[in-house]
Amino acid sequence: GDRFVLGMGVGGNYPLSAAKASHAVPMHEAIAKTGAAFFWQGPGGILPYLLGLLLMDLPKFGDAIDTSVQFRTLLGVGAIPALVVLLATSQEEDDTHPIERKEGQLAAALQSPAHWQTLIGTAGT
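Residues numbered from 1 in each chain as written. Predicted model: local features only at pLDDT ≥ 70, side-chain atom pairs only at ≥ 80, totals over all residues. Heavy atoms only, no water.

Draft legend 1. Spatial organisation of the packing of helix 2 (residues 27–39) against helix 3 (residues 41–55). As a packed pair, helix 2 and helix 3 sit with axes 5 Å apart at the nearest point and diverge in direction by 20 degrees. As judged from the angle between their axes, helix 2 and helix 3 are roughly parallel. On helix 3, the residues touching A37, F38 and F39 of helix 2 are Q41, G42 and P43. Split into classes, the residues belonging to the contact of helix 2 with helix 3 amount to four nonpolar, two polar and no charged. (Axes fitted to C-alpha atoms, helices over the stretch in contact; angles between N-to-C directions. Helix = DSSP H or I, 4+ residues; strand = E, 2+ residues; numbered from the N terminus. Parallel < 35°, antiparallel > 145°, perpendicular 65-115°, else oblique. Contact = heavy atoms within 4.5 Å. Nonpolar A, V, L, I, M, F, W, Y, C, P; charged D, E, K, R; others polar.)

Here it is, written out as structure tokens:
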């Protein structure tokens, strides 16, 4: 149950961070900021494994292999990005500007061939 809740929170935060990165900057910087937000998924996914491998080379205490020190260190280091995100979002200003919605805009956009390439490039999402 706890992993499901954590997964939903992290899974929801990841795409929203890229959207927020592109929304908070001028249009000419939006693509670079969105790309940077998505780029860090790869290094962020492999870093815990590399750190775990490095921690397994820590000196052993006695004859028995005790991995509790390695586990606690890895868990503590893994909590740092979550704390940074929590701190950053708690200090962030609320965007109170509502987005204007015009009726019929979606239908017109779907009928325009100029928008088809963009829709196909994003798989319609």
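Draft legend 2. The arrangement of the packing of aromatic side chains in detail. For the structure on display, the rule yields one aromatic pair. Ring centres of F39 and W40 lie 5.0 Å apart, and the angle between their planes is 80 degrees; this geometry places the pair in the edge-to-face category. (Phe/Tyr/Trp six-rings, centres within 6.5 Å; stacked < 30°, edge-to-face > 60°.)

Draft legend 3. Local environment of the side chain of Q70. Turning to its location among the elements, Q70 is positioned in helix 4 (residues 68–90). Judged by its relative accessible area of 6%, Q70 is buried. Discounting residues that sit within four places of it in the chain, Q70 has contacts with L55, M56 and L58. (Buried < 20%, exposed > 50% of the residue type's maximum accessible area, 1.4 Å probe, protein only.)

Draft legend 4. Local environment of the confidence of the model for the protein chain. Per-residue confidence for the protein chain gives a mean pLDDT of 76; residues scoring 70 or more make up 76%. Across the protein chain, helix 3 holds the top mean pLDDT of 87, while helix 6 (residues 116–121) sits lowest at 70. (pLDDT = per-residue confidence, 0-100.)

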